[in-house]
Amino acid sequence: EPVAASSDGSFERVIGHSVAIQQTISRARQLGKSRVPVLLLGETGVGKEVFARGIHEANADKSDPFVALNCGGLSRELLSSELFGHAEGSFTGAKRGGMIGKIEAADGGTLFLDEIGEMPIDLQPHFLRVLEESEVYRLGENKARKVSFRLIAATHRDLRSQISDGRFRMDLFYRIAVTSINIPPLRDRADDIPLLVDHYLRLLSRQHGLDSVQVTPGVIELLQHYAWPSNVREFRNVIENMLLTAGNTLITEADLP
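Everything numeric in this text was worked out from a predicted model, so none of it was measured. (Residues numbered from 1 in each chain as written. Predicted model: local features only at pLDDT ≥ 70, side-chain atom pairs only at ≥ 80, totals over all residues. Heavy atoms only, no water.)

(A) A look at the overall build of the protein chain. For the protein chain, the helix and strand inventory stands at 10 helices and 11 strands. The principal-axis extent of the C-alpha atoms belonging to the protein chain is close to 65 × 40 × 40 Å. Per-residue burial for the protein chain yields a buried fraction of 44% across its 257 residues. The contacts of the protein chain with a sequence gap of at least 6 include a subset with a gap of at least 24, amounting to 71%. By element, 48% of the accessible surface of the protein chain is carried by carbon and sulfur atoms, the whole surface being about 12,900 Å². (Helix = DSSP H or I, 4+ residues; strand = E, 2+ residues; numbered from the N terminus. Buried < 20%, exposed > 50% of the residue type's maximum accessible area, 1.4 Å probe, protein only. Contact = heavy atoms within 4.5 Å. Areas by Shrake-Rupley, 256 points an atom, 1.4 Å probe, with all protein chains shown as cover.)

The following block contains the structure:
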């Protein structure tokens, strides 16, 4: 079975036997043994959250929380409240009884912050303080709450250039990037395309209640030569598209979107 899985089940969601992906998995598994922060680097859609979960599962009890938050696409207020939590009445629209933030929810487990490069610069010192003091203040409270969690951050941006542009704090960068893992883009692991085709055909056929579907070798070859700008996320989308529009049990080159 060429799927990389270990006895603890971690990384079994990473499909591939190419050298590039196997080296990445083995580095992630190695780093998973410690509690140091890890920065996952890679283009959009390469599966950063899948790797974050693998690192967590390789080094955690089943009951340890894994809490994920995407720092992109949220207003400063909402991100702040999601991260730190808030006291009752601390701002218009605050929940009755207050709200626990993702940092507190991750206590004893792993906090995964995707798109950390999108964190507003004025929130960064507050988050840095959490990492340095191992305590968090909910918005509108002046009582510190002790927290202990493993941080995994991810970005598709070049944080070093964001530092020089004044959009990311250097002190926070060195705190979150104690170790880093580069996740290869799909175009650099064309050997894994047949496995991924097989995986997603089975998974999606089951989800949509369809009979088993085959693909022609020509389809595989074309998929291997495409650059996949949005990586595995785009790949899954294309397979699903073909599966639902092919209309029979054999997908041919004519079915490619």
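(B) Looking closely at the pairing of strand β1 (residues 38-41). Sheet analysis places β1 next to strand β8 (residues 150-155), joined by four bridges and oriented parallel. Among the inter-strand pairings, L41 is bridged to a residue of β8, identified as T155. Of the pairings in the sheet, the one linking β1 to strand β9 (residues 179-182) comprises four bridges and is parallel in character. Within β9, the residue paired with L39 across the bridge is S180. (Pairing = 2+ DSSP bridges.)

(C) Quick look at the side chain of H56. Within the fold, H56 resides in helix α2 (residues 48-57). Of note is the side chain of H56, whose polar atom sits 3.3 Å from the backbone oxygen of D64. If we ignore the near neighbours within four places in the chain, the residues touching H56 are D64, P65, F66 and T110. (Polar contact = N/O pair within 3.5 Å; in protein donor to acceptor, adjacent residues only side chain to side chain.)

(D) Main features of helix α8 (residues 193-208). End to end, α8 covers 22 Å across 16 residues, agreeing with the expected 22 Å (1.5 Å per residue, within 8%). Turning to α8, its buried residues are I193, L195, L196, V197, Y200, L201, L204 and S205. Count one or two residues on from α8 and you reach G209, which has phi positive near 65 degrees. (Expected span 1.5 Å × (residues − 1).)

(E) Examining the packing of aromatic side chains more closely. Summed over the entire model, instances satisfying the criterion amount to six aromatic pairs. Summarising the aromatic geometry, the rings of F66 and F112 are spaced 6.2 Å apart at their centres and angled 20 degrees between planes, so their arrangement reads as stacked. On the criterion of sequence distance, the pair formed by F66 in strand β2 (residues 66-70) and F112 in strand β5 (residues 110-114) is long-range, its members being 46 residues apart. Each of the two residues, F66 as well as F112, counts as buried. A connected cluster of aromatic rings, assembled from ring pairs, spans Y200, Y226, W228 and F235. (Phe/Tyr/Trp six-rings, centres within 6.5 Å; stacked < 30°, edge-to-face > 60°.)

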